[in-house]
Amino acid sequence: MYHKNLDMLDTCGIIQIVTYGKFCCKFHRILFDERCDYMKITNGLVQCLNIVVLLLIVLQTVLTFIPYYSHIDSKGQEEKASIQGYVWFDYDDTNIDDDEIDEYFEQEIGYDYNVNDEVTFPAVSLLITALTIGFALFMYDTMVPKVFEVIWGCVGLVGFFVTKTLKLGNLYYLHIAILAIATIIAIANFVFQIKLLSEKKKNKQKASDYSY
């Protein structure tokens, strides 16, 4: 009788252990599935934000190559020039007079106008843009493009605020709006990417612990 009671206790203990083990496995599976769903949603959101930021970068870059400045020259004709066109292209072979554009800038800004100060930002911005787009296309699954997207947005906003000639452009506020939206999205994307990498690291650690 005593041995039978022990056998019953052992059997009940085994059943309890098995039941508890199944419950733990089920709970772990549910928790793991929820984390997987969260990671899938976050990963999808990061990919969407990557595309949106990249499109905004391309849009803003294209706008720097279309007519931005406009003024009436000494002959009474309207002259137009783009941001990057003023920096990189030679207008001597066209109907646009560089000297008159410089005179227009000097007249609007004052005698402290320095052409070197005004062309530095557009040149540096174009370089940062090229690097950002390159990293976004070829290193999209790393933190590098996210960092450069934030840098691109911040440099762009600061540049448009401090570069005096850019304030004379017809599309000034459109550039500011695009840069501001892109910067906010880039910062959010940067934060989501950090969370995603953190979740991946936690899941990897928990999977390693659970395997033991």
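Rules of the game
Residues numbered from 1 in each chain as written. Predicted model: local features only at pLDDT ≥ 70, side-chain atom pairs only at ≥ 80, totals over all residues. Heavy atoms only, no water. Helix = DSSP H or I, 4+ residues; strand = E, 2+ residues; numbered from the N terminus. Expected span 1.5 Å × (residues − 1). Buried < 20%, exposed > 50% of the residue type's maximum accessible area, 1.4 Å probe, protein only. Core = buried A, V, L, I, M, F, W, Y, C linked by side-chain atoms within 4.5 Å. Contact = heavy atoms within 4.5 Å. Axes fitted to C-alpha atoms, helices over the stretch in contact; angles between N-to-C directions. Parallel < 35°, antiparallel > 145°, perpendicular 65-115°, else oblique. Left-handed = near helix turned anticlockwise from the far one by under 90°. Nonpolar A, V, L, I, M, F, W, Y, C, P; charged D, E, K, R; others polar. 1 Å grid on protein atoms, 1.4 Å probe; cavity = no way out; pocket = protein on both sides within 12 Å on 5 of 7 lines; lining within 4 Å. Points joined across faces, edges and corners; volume = space filled by probe spheres on them.

Participant: Looking at this structure, I do not really get helix H4 (residues 115-138). What am I missing?
Facilitator: Given 3.6 residues per helical turn, the α-helix brings residues three or four places apart onto the same face. For H4, with 24 residues, the first-to-last C-alpha span of 36 Å sits near the 34 Å given by 1.5 Å per residue. What H4 keeps buried is the set Glu-118, Val-119, Phe-121, Pro-122, Ser-125, Ile-128, Thr-129, Thr-132 and Ala-136.

Participant: It is not clear to me how the nonpolar core should be interpreted in this structure. Could you clarify?
Facilitator: Generally speaking, nonpolar side chains in soluble globular proteins are found buried as a group. Counting 29 residues, the largest nonpolar core has Tyr-68, Tyr-69, Phe-105, Phe-160 and Leu-166 as its most contacted members. Where this core is concerned, the elements lending two or more residues are helix H1 (2-63), helix H2 (83-88), helix H3 (98-109), H4, helix H5 (144-162) and helix H6 (172-211). Take this core: its biggest share by element is seven residues, from H6. For Tyr-69, the residues in contact, after removing those within four places along its chain, are Glu-79, Lys-80, Ala-81, Ser-82, Ile-83, Phe-105, Thr-165, Leu-166, Leu-168 and Gly-169.

Participant: Quick question: what am I supposed to make of the environment of Ile-194 here?
Facilitator: Of note, Ile-194 is situated in helix H6. Using a relative accessible area of 40% as the deciding quantity, one classes Ile-194 as partly exposed. Residues Ile-194 and Met-143, 51 residues apart in the sequence, show an inter-C-alpha distance of 8.1 Å.

Participant: Is there a simple way to think about the packing of H4 against H5 in this case?
Facilitator: Interhelical geometry of H4 versus H5 gives an angle of 160 degrees and a closest axis separation of 9 Å. Taken as axis vectors, H4 and H5 run roughly antiparallel relative to one another. Like other packed secondary-structure pairs, H4 and H5 cross with a definite hand, here left-handed. Every residue of H5 that contacts H4 at Phe-121, Ile-128, Thr-129, Leu-131, Thr-132, Phe-135 and Ala-136 is listed here: Val-144, Pro-145, Phe-148, Glu-149, Trp-152, Val-155, Gly-156, Gly-159 and Phe-160. Considering only residue class, the contact of H4 with H5 consists of eleven nonpolar, four polar and one charged.

Participant: I would appreciate a short explanation of empty space enclosed by the protein in the present structure.
Facilitator: In this approach a probe as big as a water molecule rolls over the atoms, and the regions it shows empty are the leftover space. The final tally for this structure, using the stated rule, is two cavities of 30 Å³ or more. Space inside the largest cavity adds up to approximately 40 Å³. Along its surface, the largest cavity is lined by Gln-60, Thr-61, Thr-64, Gln-84, Pro-122, Ser-125, Leu-126 and Thr-129. Those elements that provide at least two residues to the lining of the largest cavity are H1 and H4. When the residues that make up the lining of the largest cavity are grouped by side-chain class, the tally is two nonpolar, six polar and no charged. In this structure, the second largest cavity encloses a volume near 40 Å³. In this structure, the second largest cavity is lined by Gln-60, Thr-64, Ile-83, Gln-84, Phe-121, Pro-122, Ser-125, Phe-160 and Leu-166.

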